[in-house]
Amino acid sequence: MTTSSILILGASGTTGRRVTRLLQSQGHSVRAASRHADVRFDWKDPGTWEQAVGPASRMYLMAPHEQPIDPAFVSLAVSKGIRRIVLLSSQGIEIMGDERLMSAERLVRGAGVDWTLVRPDWFNQNFDEGFFKPAVLAGRITLPVGDTKQAFVDADDIAAVVAVALTKDGHEGQSYDVSGPRALSFGEAAAIIGRAAGRQVRFAGDADTYLSEQRALGRPDEAIQGEIKAYGTLLKRGDATPTDTVRAVTGHAPKSFETYAAQAAASGAWK
């Protein structure tokens, strides 16, 4: 693989900006693309697609939450010279029936170029950068997954795996389940965050509390019940099993949840 440009979609997002920063620090030529970047890319504006690809031959492919990946863009990218695609997917998509990501995986596998699937468990950063942050600040996280353990993984480690898959040979045709070093329940994760942040953070894992809180937000019952059903599949799956992917691919151990929480607290994330 030559050292031509690497296109990073979602370059301002949780993993995209980390992949961009890491590759740039390694001396790679990066096209960091997003709706508001110098390299403009918008899934809803096909007029931005071709110029975003530019001279790139490798691509980090991901889409915003609930946004499907358009097959027309992948076809265009391949026609313009993309020869390696690393897709950000997710663990458990078959169990949860996530057709959006299952379709994306099928699309990439059938694109006719080298591909790697990166399938992380829950992001650590959901708690300080993402949708759980308001709940942490309010002192209670509610999610109908009971006490099942999840193998929370740090976005820095996800980015490191992505960077290797984009720049090194030997990862073609691989599907990598990426996790942290051990599985934790949400209650355990909340307690670790609480200790690091110096605040009380409780967890409610039952469906009734989730339903009540979501109704209070004015959301329709149909949507809430659909979410409860989807999360219920994680209950049926049981505890997640951590993988050794981060160490095997990157050569370093994955970040512990305690280290993540201490770093996030020190940055002022939960002030």
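Residues numbered from 1 in each chain as written. Predicted model: local features only at pLDDT ≥ 70, side-chain atom pairs only at ≥ 80, totals over all residues. Heavy atoms only, no water.

In this structure, what is going on with the packing of helix H1 (residues 16-25) against helix H7 (residues 155-167)? I would like to understand it.
What describes two packed helices is the angle between their axes and the distance between those same axes. Here H1 crosses H7 at 55°, and the two axes come no closer than 9 Å. By the criterion of interaxial angle, the relationship of H1 to H7 is oblique. With respect to the hand of their crossing, H1 and H7 are arranged in right-handed fashion. Residues Arg18, Val19, Leu22 and Leu23 of H1 form the contact with H7, whose participating residues are Ala155, Asp156, Ala159, Ala160, Val162, Ala163, Leu166 and Thr167. Residues that form the contact of H1 with H7 fall into these classes: nine nonpolar, one polar and two charged. (Axes fitted to C-alpha atoms, helices over the stretch in contact; angles between N-to-C directions. Helix = DSSP H or I, 4+ residues; strand = E, 2+ residues; numbered from the N terminus. Parallel < 35°, antiparallel > 145°, perpendicular 65-115°, else oblique. Left-handed = near helix turned anticlockwise from the far one by under 90°. Contact = heavy atoms within 4.5 Å. Nonpolar A, V, L, I, M, F, W, Y, C, P; charged D, E, K, R; others polar.)

Could you clarify how one ought to interpret the environment of Gly187 in this entry?
Here Gly187 shows up in helix H8 (residues 186-197). Judged by its relative accessible area of 30%, Gly187 falls in the partly exposed class. On a C-alpha basis, the gap between Gly187 and Thr142 in space is 9.7 Å, while along the polypeptide they are 45 residues apart. (Buried < 20%, exposed > 50% of the residue type's maximum accessible area, 1.4 Å probe, protein only.)

Sorry if this is basic, but what is going on with the packing of aromatic side chains here?
Each aromatic ring pair is summarised here by two numbers: the centre-to-centre distance and the angle between the ring planes. Overall, the coordinates contain 20 aromatic pairs when judged by the stated rule. Each residue in the set Trp122, Phe127, Phe131, Phe132, Phe152, Phe186, Phe203, Tyr210, Tyr231, Phe257, Tyr260 and Trp270 is aromatic and connected to the rest through ring pairs, giving one cluster. (Phe/Tyr/Trp six-rings, centres within 6.5 Å; stacked < 30°, edge-to-face > 60°.)

What exactly am I supposed to notice about the sheet that holds strand S5 (residues 84-88) here?
In a beta sheet, neighbouring strands are held together by backbone hydrogen bonds and run either parallel or antiparallel to one another. Across the sheet, which stays open at both edges, the seven strands sit in the order S3-S2-S1-S4-S5-S6-S9 with parallel pairing between neighbours. Two strands in the sheet have a free side with no partner beyond their single neighbour: strand S3 (39-40) and strand S9 (174-178). Seen against the sheet, H1 touches strand S1 (6-9), strand S2 (30-34) and strand S4 (58-61) and runs at an angle of roughly 155° to S1. (Pairing = 2+ DSSP bridges.)

Before we go on, may I ask you to explain the pairing of strand S6 (residues 114-120) in this structure?
Regular strands show a simple pattern: their side chains alternate between the two faces of the sheet. Across the seven residues that make up S6, a large majority, six, are buried. Judged from the five bridges that link them, S5 and S6 form a sheet pairing that is parallel. By the bridge assignment for S6, Val86 is matched with Thr116. Judged from the five bridges that link them, S6 and S9 form a sheet pairing that is parallel. What sits directly across from Val118, in S9, is Tyr176.

Looking at this structure, I do not really get the side chain of Thr245. What am I missing?
By the secondary structure assignment, Thr245 is in helix H11 (residues 245-250). The buried category is assigned to Thr245, whose relative accessible area is 11%. Once residues lying within four places of it in the same chain are set aside, the contact partners of Thr245 are Tyr176, Asp177, Val178 and Thr250.

Is there a simple way to explain the pairing of S1 in this structure?
Going residue by residue along S1, you find Ile6 and Ile8 tucked away on one face and Leu7 and Leu9 tucked away on the opposite face as well. Pairing of S1 with S2 involves four bridges; the strand directions are parallel. Across the sheet, the residue bridging to Leu9 is Ala33, located in S2. Read as a crossover between parallel neighbours, the route from S1 over H1 to S2 is right-handed. (Right-handed = clockwise from strand over helix to strand, strands pointing away.)

Honestly, the packing of H8 against helix H12 (residues 257-266) in this entry has me stumped. Any pointers?
Remark: H8 packs on H12, axes separated minimally by 9 Å, with the N-to-C direction vectors making an angle of 40°. Overall, the two elements H8 and H12 adopt an arrangement that is oblique. Every pair of crossing elements has a handedness; the one defined by H8 and H12 is right-handed. Between H8 and H12, the contacting residues are Ala189, Ile192, Ile193, Ala196 and Ala197 on the first element and Phe257, Glu258, Ala261, Ala262 and Ala265 on the second. The residue inventory of the contact of H8 with H12, partitioned by class, reads nine nonpolar, no polar and one charged.

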